[in-house]
Structures are given as structure tokens and as C-alpha cells.
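As a plain string of letters, each chain reads:
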Amino acid sequence: METVPGGRWVAEIYGCDLDVLENPKMVEAALLDAVLRLGAPKDSAKSVVYKFHPQGLSAAVVSPVAAVMIHTWPEDNASATLDLYFYRDGVDPEEVLKGLSRAFGAKEESAFRYWRGQDHAIRRRSFGSQGG
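- The name an unreviewed UniProt entry assigns to the protein is S-adenosylmethionine decarboxylase, from the organism Thermus oshimai JL-2.
- In its Cofactor (unreviewed entry) section, the UniProt record describing the protein reads: "pyruvate".

Now the structure itself:
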């Protein structure tokens, strides 16, 4: 099977710093830094942040070659889920994920790494035409 550049990494981080996790500007800055480190050209990234009340937020920073999303659950051990998408060779998504964990002050991480074009635990399946 041919290797296709890029992949998707999904992580859950726990025990984060609530002052960071609840701060839309700090979250946006961390995600922007991650997208740039995943190979996005400067000034190509666009972001959206939605702050829930009384707590939590969802944010995404996207570019032509990378995207990073976060959804936070401050009430659940100050946790968050992260999705990293990247489309270039020569980037180090492991370091990017470590940088995000540090930026949010995470004490624990659980992650799944999915490299495009390679075998992995998630299997592709086809759905045929179903009569009904």
C-alpha cells in the first residue's frame, strides 16, 4: 500500500490548567502555534472559537495543509479532546501534540495516531446497496 503524506492524531488530555483551558485567547494561540508547526504557511490559518457558558469551549484553527480542533470539558478532570490533521511530510506531529499538552498543562494524555495509507486498528469497510 502506498504511503500518503499526513495523517490524523486524536488525543484526550486530562488534568489541564483551568485558567488556560477556559481562556479563549490562550486556546486559540496554542492551536495556531500547532497548525504552524504542522507546516501551515504564516497568515494562511483561520480560526473560530466558541465559548460555552458557564464553562467549556470548542475551537478550530484550519489552514490549507493542517487543522487542529479542541473541545474542552472543564468539569471532567479539566479534560479536552484534540484532533490534529496534517497533510505534509517532514512534520513532527508527536512534538506538536506534546507542545499542546504542555500549553494546556495536561497531566495525562491518551492518543491514537492514524497515518494515512497505512494499516491501522481502524478498518475501512464498504457498504453495498441495501434493498428495502
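1. A word on unusual backbone geometry
Part 1 of the reasoning: In the segment running from His53 into Pro54, the intervening peptide bond is cis, with an omega of 20°.
Part 2 of the reasoning: For Pro54, the position within the fold is in the loop between β2 (46-51) and β3 (57-62).
Part 3 of the reasoning: Positive phi, normally seen in glycine, also occurs at Asp43, with a value near 70°.
Part 4 of the reasoning: By secondary structure assignment, the location of Asp43 is in the loop between α2 (24-37) and β2.
Part 5 of the reasoning: Exposure remark for Asp43: the relative accessible area of 75% places this residue in the exposed category.
Part 6 of the reasoning: Positive phi, normally seen in glycine, also occurs at Ala78, with a value near 45°.
Part 7 of the reasoning: Counting through the fold element by element, Ala78 comes out in the loop between β4 (66-73) and β5 (79-86).
Part 8 of the reasoning: Of the residues examined, Ala78 reaches a relative accessible area of 8% and is grouped as buried.

Criteria and cut-off values
- Residues numbered from 1 in each chain as written.
- Predicted model: local features only at pLDDT ≥ 70, side-chain atom pairs only at ≥ 80, totals over all residues.
- Heavy atoms only, no water.
- UniProt positions renumbered as here; feature names shortened; annotations may be inferred.
- Helix = DSSP H or I, 4+ residues; strand = E, 2+ residues; numbered from the N terminus.
- Buried < 20%, exposed > 50% of the residue type's maximum accessible area, 1.4 Å probe, protein only.

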